[in-house]
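Here are the chains, one letter per residue:
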Amino acid sequence: MALVITNLTKQYNKHKTGLADYSITINKGILGLLGPNGAGKSTLMKIIATISKPTQGTVFLDGEDIVANPGRIRKVLGYLPQDFGVYPNLNAYEFLTYIAALKGLGGNDLRKRIDMLLEGVNLTADAKRPIGTYSGGMKQRIGIAQALLNDPKILIFDEPTVGLDPEERVRFRQLVSDLADDCIIILSSHIVSDIETIADEVAIMQNGRLLAKAIQPDIIKSVEGRVFETLIDSSHLPDFKTKHLVIDTNRQKDKTRVRYITTTPLAGSTALTATLEDAYLFLTHSNA
């Protein structure tokens, strides 16, 4: 199974472009989408989910045009949008049963499927409470469960870990990892560690364009040998930032420990092992 996206453009108006001549091939496994706000991640996901149509370009699933025939992908799709909404008066069982009916699901095994999903997202104990009483993280978890109702072969998660505490983020990553062998999973997040932990490939986007797509070690190669750490007077930090790409700072009394990217490190700097976050910030800064 493969999604082949070619020269995809989404023009909202003459001043706003969501995607610009965007091409990518997505195979089974987990593709992590990284990019700043406005990079086009949500626009891409909505087009793949057939919620939005491109201005031009094509999206093919196993050779079939899903823009012209959206039913082909909708049968095998699970989708959690960034602005997922719920019915506050329904409890989790009622809500998932309703969503199942919208998807044409039913039969004797539906209740077992719902029980399994509620356990998977750690909501069994709260399943009979109205969703309106849930915390933001709990609502996000019910959103994850509804995306999995139809045992999808293509899963799209737009910022799925927003509102989840660290333990639930780990649970989510484990859940997604277990599905990756049989599914195409597209996961967008602003939390680089979530992508770093589970993504088979990473696609970095900015201004509606694809900057890079590769396995993580190949993405990280773009900054190998360029990441350093040094200790400077805190008063020198503003000037330092004008000359180097600063990744992180740690203030220590009147000194600041700085992690930065450069080809001309300061004397006394220590070379560091590059990370995916370093590469992401370098690529998006270089193409700003």
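These numbers were taken from a predicted model, which means no experiment stands behind them. (Residues numbered from 1 in each chain as written. Predicted model: local features only at pLDDT ≥ 70, side-chain atom pairs only at ≥ 80, totals over all residues. Heavy atoms only, no water.)

### Describing the environment of aspartate 194
For clarity, the threshold we go by: Runs of H or I in DSSP of at least four residues are treated as helices and runs of E of at least two as strands, each being numbered from the N terminus. Every residue pair with non-hydrogen atoms within 4.5 Å of one another is taken to be in contact. Polar contacts, as used here, are pairs of N or O atoms within 3.5 Å; protein pairs need one atom able to donate a hydrogen and one able to accept it. Residues neighboring in sequence count only if both atoms are side-chain atoms.
Locating aspartate 194 in the fold gives a position in helix 7 (residues 192-198). Taking the C-alpha atoms as reference points, aspartate 194 and arginine 173, separated by 21 residues in sequence, lie 7.5 Å from one another. Non-local contacts of aspartate 194, meaning those with residues more than four positions away in its chain, are made with Thr161, Arg169, Arg173 and Ser189. Within the local environment of aspartate 194, its side chain forms a polar contact with the side chain of threonine 161, the two groups lying 2.7 Å apart. Within the structure, the side chain of aspartate 194 is placed 2.7 Å from the side chain of arginine 173, a separation counted as a polar contact.

### Observations concerning the packing of helix 3 (residues 92-102) against helix 4 (residues 110-120)
To keep it simple, the criterion reads: Convention adopted: a line fitted to C-alpha atoms gives each axis, helices being fitted over their contacting stretch, and angles between N-to-C directions are expressed from 0 to 180 degrees. Between 65 and 115 degrees an angle is taken as roughly perpendicular, under 35 as roughly parallel, over 145 as roughly antiparallel, and anywhere else as oblique. If you view the pair so one helix is near and one far, a crossing is left-handed when the near helix is turned anticlockwise from the far one by less than a right angle, and right-handed when it is turned clockwise. Gly counts as polar in this scheme, as do all residues outside two lists: the nonpolar Ala, Val, Leu, Ile, Met, Phe, Trp, Tyr, Cys and Pro, and the charged Asp, Glu, Lys and Arg.
Running from N to C, helix 3 and helix 4 point in directions that differ by 125 degrees, and their axes come no closer than 11 Å. Put simply, helix 3 runs oblique to helix 4. The chirality of how helix 3 crosses helix 4 is right-handed. Between helix 3 and helix 4, the residues in contact are Ala92, Tyr93, Leu96, Thr97 and Ala100 and Leu110, Arg111, Ile114, Asp115 and Leu118, respectively. Residues belonging to the contact of helix 3 with helix 4 are distributed by class as follows: 7 nonpolar, 1 polar and 2 charged.

### A few points about the environment of alanine 279
Secondary-structure assignment places alanine 279 in helix 10 (residues 276-286). In the structure, alanine 279 is positioned 75 residues away from isoleucine 204 in sequence and 9.6 Å away in space, judged by C-alpha atoms.

### Some thoughts on the sheet that holds strand 11 (residues 227-233)
Note the threshold: Here, a strand pair is defined by DSSP locating no fewer than two bridges between the strands.
The antiparallel open sheet is built from 4 strands, whose spatial order is 12-13-11-14. Of all the strands in the sheet, the pair left with one neighbour each is strand 12 (245-252) and strand 14 (270-271). Each of strand 11, strand 12 and strand 13 (255-261) touches helix 10; the most contacted strand, strand 12, lies at about 125 degrees to it.

### Things to note about the packing of aromatic side chains
Ring pairs (aromatic) are described by centroid distance and by the angle formed between their planes. Stated formally: We call Phe, Tyr and Trp rings a pair once their centres come within 6.5 Å, taking the six-membered ring for Trp, and we label the pair stacked below 30 degrees between planes, edge-to-face above 60, and tilted otherwise. A 1.4 Å probe rolled over the protein chains alone gives each residue an accessible area, and that area as a share of the maximum for its type sets the label: buried under 20%, exposed over 50%, partly exposed in between.
What the rule picks out here adds up to 6 aromatic pairs. Considering the side-chain rings of tyrosine 87 and tyrosine 98, the 5.3 Å spacing of their centres and the 80 degrees angle between planes classify their relative orientation as edge-to-face. Of this pair, tyrosine 87 sits in the loop between strand 6 (77-80) and helix 3 while tyrosine 98 sits in helix 3, and the two are 11 residues apart along the sequence. Given the relative accessible area of 42%, tyrosine 87 is considered partly exposed.

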